[in-house]
Amino acid sequence: TLFSYQTPWDAFVAGNPNALTANQQAGLQAFTAPGPNTASCAVCHTPPLFANTVNNPNVPSMFRNLGLRPNNEDIGRQAVTGVPGDLGRFKVPSLRNAALKRSFMHNGQFANIGQVLGFYAGARNVQPPPPNRDPVLNGINLPPQVAAQINDFISNGLLDPRVRDQTFPFDRATLFTNR
């Protein structure tokens, strides 16, 4: 398993105050701010992996139901566990190097981080909330300026240039059949 640990955020927490821009620092602050009526991103995307770091697969917080699709169309983790409480739940991914992804969410519904943040900004207003939807969504407050700062933080502050540039150790191996 490779772990990208040379992002601007990593340098920032290691003591380099200039590793993140002022806008990215504001995005980090909004990302990690706890409590109701904040972005609350770090509740699910916990640093340093920016994913749910619980290693016990029986802990449901590793998997969350965001209500992206009706539960009867997308049963999620329940297909594996058979547990009714897992209906519509999917694993929380890491946000490291997320700027390099072509699609987002378990079904590829969104094409960029801005669209994902737009979904979260409106998630608390969906009425009625889908059955079994994670209650953490009700506390998210994501005004446009804050969303832009968080987007900058995720897109640039969590991007390891070695991954972006496909340099060692993130260069692509050449399989024998590809030679």
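Further up the page is the structure itself.
In this text the structure is predicted, and so the values were computed from the model without any measurement.

Draft legend 1. Expanded view of helix H5 (residues 144-157). Between its terminal C-alpha atoms H5 stretches 19 Å, which fits the 20 Å expected from 14 residues at 1.5 Å a residue. The inward-facing, buried residues of H5 contact helix H1 (8-13), helix H2 (22-32) and helix H4 (113-123).

Draft legend 2. Expanded view of unusual backbone geometry. Looking along the chain, the bond that leaves Pro47 and enters Pro48 is cis, with omega of 5 degrees. Among the secondary structure elements, Pro48 is positioned in the loop between H2 and strand E1 (63-64). Note the cis peptide between Phe168 and Pro169, where omega equals 0 degrees. With respect to the helices and strands, the residue Pro169 is situated in the segment after helix H6 (161-164). We note that Met105 has phi near 75 degrees; this positive angle belongs to a residue other than glycine.

Draft legend 3. Geometry of the pattern of salt bridges. Inspection of the entire model under this criterion finds 7 salt bridges. Between Arg77 and Asp86 there is a salt bridge, with its nearest N and O atoms 3.9 Å apart. Residue Arg77 shares its accessibility class with Asp86, and that shared class is buried. Here Asp86 makes a salt bridge to Arg89, at a shortest N to O gap of 3.6 Å. Exposure class is identical for Asp86 and Arg89. Each is buried. Linked by salt bridges that have partners in common, Arg77, Asp86 and Arg89 make up one network.

Draft legend 4. Spatial organisation of the environment of Phe110. Tracing the chain through its elements places Phe110 in the loop between strand E2 (90-91) and H4. Overall, Phe110 belongs to the buried group, its relative accessible area being 11%. Expressed as a C-alpha distance, the spacing of Phe110 and Arg172, which sit 62 residues apart in the sequence, is 26 Å. Not counting residues within four places of it along the chain, the set of residues in contact with Phe110 comprises Leu68, Arg102, Ser103, Phe104, Met105, Gln115, Val116 and Phe119.

Draft legend 5. View of the packing of H2 against H5. Where H2 contacts H5, the axes come no closer than 7 Å and their chain directions differ by 105 degrees. When the axis of H2 is compared with that of H5, the two are roughly perpendicular. Listed contacts from H5 to Asn23, Gln24, Ala26, Gly27, Leu28, Ala30 and Phe31 of H2 are Val146, Ala148, Gln149, Ile150, Asp152, Phe153, Ile154, Asn156 and Gly157. Looking at side-chain class alone, the contact of H2 with H5 contains 9 nonpolar, 6 polar and 1 charged residues.

Draft legend 6. The side chain of Asn97, seen in detail. Along the chain, Asn97 turns up in the loop between E2 and H4. If near-sequence neighbours (up to four positions away) are discounted, Asn97 is found in contact with Ser4, Leu158, Leu159, Asp160 and Val163.

Draft legend 7. Fine view of the nonpolar core. Phe31, Tyr120, Leu142, Ile150, Phe153 and Ile154 are the most contacted members of the largest nonpolar core, which has 29 residues in total. Of all the secondary-structure elements, those providing two or more residues to this core are H2, H4 and H5. With 6 residues, H4 is the single largest residue contributor to this core. When near neighbours in sequence (up to four residues on either side) are disregarded, Phe153 contacts Trp9, Leu20, Gln24, Gly27, Leu28, Phe31, Phe50 and Leu158.

Procedures and definitions
- Residues numbered from 1 in each chain as written.
- Predicted model: local features only at pLDDT ≥ 70, side-chain atom pairs only at ≥ 80, totals over all residues.
- Heavy atoms only, no water.
- Helix = DSSP H or I, 4+ residues; strand = E, 2+ residues; numbered from the N terminus.
- Expected span 1.5 Å × (residues − 1).
- Contact = heavy atoms within 4.5 Å.
- Salt bridge = Lys/Arg side-chain N within 4 Å of Asp/Glu carboxyl O.
- Buried < 20%, exposed > 50% of the residue type's maximum accessible area, 1.4 Å probe, protein only.
- Axes fitted to C-alpha atoms, helices over the stretch in contact; angles between N-to-C directions.
- Parallel < 35°, antiparallel > 145°, perpendicular 65-115°, else oblique.
- Nonpolar A, V, L, I, M, F, W, Y, C, P; charged D, E, K, R; others polar.
- Core = buried A, V, L, I, M, F, W, Y, C linked by side-chain atoms within 4.5 Å.

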